[in-house]
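This is what each chain is made of:
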Amino acid sequence: MLRLLILISIFPFFVFGQEGSGFPKDQQTKAYCQVIAEYIKVIGKEDQLSFDTLYIGKHPDFPEIKLPAIIQGKKIILLTYHKGDKEPQNKSSFILINIIEKKVINEEMNFMLVTFHQDYHPQHNSFFDLKYDPAKKEFVLNKDVRFDHQYIKK
């Protein structure tokens, strides 16, 4: 009985500070849409890529959210990495991103996006920090986008 009381009394210490999206699903969806929109804007300037479809990897940590079919004029397709998934038709303009929600601090969400081009070869990582603006009821880019981990081209 004493062990149970001790466990109950210290349990909040284990839960406190653990990561997770502190936002409701609709706000989380808005954040993902915003980070995708910011990515499309930045990647167009940085890499000057021309593409009409952006593939998003639906990995195990990707939240159960519904993304719009088009963001910033680009068609959005979720890839689940299952056998039989539709392969991109034009591999020369193929861009796939994996979105990893790094952490939520107060009203800020941090994301890392890993970009893959042809043949699923990684290109670079980019980091986006979004802050929720309660007056506008939307997320805005909080800091400059950072790029690192340039991968060696095949």
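Scroll up for the structure.
Every value quoted in this text rests on a predicted model; they were computed, and no experiment measured them.

Undergrad: What's the story with the pairing of strand β3 (residues 74–79) in this structure? I'm lost.
TA: Consecutive side chains of a regular strand alternate in pointing toward one face of the sheet and then the other. Inspection of the sheet shows strand β1 (residues 53–57) paired to β3 by 5 bridges, in the parallel sense. When the sheet's bridge partners are listed, Tyr 55 is paired in β3 with Ile 77. Relative to β3, strand β2 (residues 70–71) runs antiparallel, the two being bridged by 2 bridges. Among the inter-strand pairings, Ile 71 is bridged to a residue of β3, identified as Lys 74. What sits between the antiparallel neighbours β2 and β3 is a turn of 2 residues, in which Gln 72 has the positive phi angle 55°.

Undergrad: Explain unusual backbone geometry here, please?
TA: Comment: phi is negative for the bulk of residues other than glycine, and the bulk of peptide bonds are trans. Although it is not a glycine, Gln 72 sits at a positive phi angle of roughly 55°. In this fold, Gln 72 is placed in the loop between β2 and β3. For Gln 72, a relative accessible area of 45% corresponds to the partly exposed category. Backbone geometry at Lys 137 places phi at a positive 55°, although glycine is not the residue there. By secondary structure assignment, the location of Lys 137 is in the loop between β6 (121–133) and β7 (138–141).

Cut-offs applied
- Residues numbered from 1 in each chain as written.
- Predicted model: local features only at pLDDT ≥ 70, side-chain atom pairs only at ≥ 80, totals over all residues.
- Heavy atoms only, no water.
- Pairing = 2+ DSSP bridges.
- Helix = DSSP H or I, 4+ residues; strand = E, 2+ residues; numbered from the N terminus.
- Buried < 20%, exposed > 50% of the residue type's maximum accessible area, 1.4 Å probe, protein only.

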